[in-house]
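A structural walkthrough
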Amino acid sequence: GGAVDPAPAGPGGPPPPAPSAVDVKKVTEYYLRGKDVGPILMELVICKKMGKSADNKSVCEEKHGDTLKKGDPLIAFTRFFVPKGAKYEDLKVKFLLNGEVRSTSDFTLQESWTGYGNYKQTTASKAGTWEILVLRGDSQLASAKVNVVE
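These notes cover the structure that comes with them. (Residues numbered from 1 in each chain as written. Predicted model: local features only at pLDDT ≥ 70, side-chain atom pairs only at ≥ 80, totals over all residues. Heavy atoms only, no water.)

1. A closer look at the packing of aromatic side chains
- Applying the stated criterion across every chain, the model contains five aromatic pairs.
- Considering the side-chain rings of Tyr31 and Phe81, the 5.9 Å spacing of their centres and the 65 degrees angle between planes classify their relative orientation as edge-to-face. Here the residue Tyr31 occupies a position in helix α1 (residues 21–33), and Phe81 occupies one in strand β4 (residues 73–97), the gap between them amounting to 50 residues.
- In this structure Phe81 comes out as buried when scored by relative accessible area, which is 8%.
- In textbook terms, an aromatic cluster arises when at least three aromatic residues are bridged by ring pairs, as seen for Tyr30, Tyr31, Phe81 and Trp113. (Phe/Tyr/Trp six-rings, centres within 6.5 Å; stacked < 30°, edge-to-face > 60°. Helix = DSSP H or I, 4+ residues; strand = E, 2+ residues; numbered from the N terminus. Buried < 20%, exposed > 50% of the residue type's maximum accessible area, 1.4 Å probe, protein only.)

2. With respect to the pattern of salt bridges
- Summed over all chains, the structure comprises eight salt bridges.
- Between Glu29 and Arg33 there is a salt bridge; the shortest N-O distance is 2.9 Å. Taken together, the residues span about one helical turn, with Glu29 and Arg33 both in helix α1 at a distance of four residues.
- Its relative accessible area of 64% is what places Arg33 among the exposed residues. (Salt bridge = Lys/Arg side-chain N within 4 Å of Asp/Glu carboxyl O.)

3. Quick word on the state of the cysteines
- Applying the stated criterion across every chain, the model contains one disulfide.
- Sulfur-sulfur distance for the disulfide between Cys47 and Cys60 comes to 2.2 Å. Torsion about the S-S bond of the Cys47 and Cys60 cystine: about 105 degrees, corresponding to right-handed handedness. In this pair, Cys47 is assigned in strand β1 (residues 40–52) and Cys60 in strand β2 (residues 58–63), connecting sequence segments 13 residues apart.
- Given the relative accessible area of 0%, Cys47 is considered buried. (Disulfide = S-S within 2.5 Å.)

4. Quick look at the side chain of Asn118
- Following the sequence through the fold, Asn118 ends up in strand β5 (residues 100–123).
- With a relative accessible area of 13%, Asn118 lands in the buried category.

5. Things to note about the side chain of Lys120
- With respect to the element layout, Lys120 can be found in strand β5.
- There is a polar contact of 3.4 Å between the side chain of Lys120 and the backbone oxygen of Asp106.
- Sequence-distant contacts of Lys120, that is, excluding residues within four places in its chain, are made with Leu74, Ile75, Ala76, Val93, Phe95, Ser105, Asp106 and Phe107. (Polar contact = N/O pair within 3.5 Å; in protein donor to acceptor, adjacent residues only side chain to side chain. Contact = heavy atoms within 4.5 Å.)

6. Details of unusual backbone geometry
- Of note in this structure, Asn56 is not a glycine but carries a positive phi near 70 degrees.
- When you line up the elements, Asn56 lands in the loop between β1 and β2.
- Even without being glycine, Asn98 reaches a positive phi, approximately 50 degrees.
- As for its placement among the helices and strands, Asn98 is situated in the loop between β4 and β5.
- Overall, Asn98 belongs to the exposed group, its relative accessible area being 53%.

Purely geometric numbers; function is a separate question.
See the structure below:
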């Protein structure tokens, strides 16, 4: 078991440093007017176990380390910053084993300032190198790899 990162924006711990006025303005502008540009992927996590936060949002309770065992759940957890008034229906998560697509799941994003969480799950049914791809249309937004052992 590897170390688990604390969930972002938790109630505990010291407050983060304040962003500059320029940064706040940029992000606010993008949230208000970035609908035609698209969503921003904030994180992709290879997760072992999902849970719920205090306000009932999906959170990754336990991340996978560098290797996992055959038969383990393999969960792709994403969080997106989604501009106001936007809805995107052209997103996908693909699970590949040794470069070959094993499954593809479509998903939709709705406006979210705090990060629209979404997860897709499969089972690491065979040993080998599994890869998770996050796509919007034909553009790859992110990828993550993990080794599955017998």
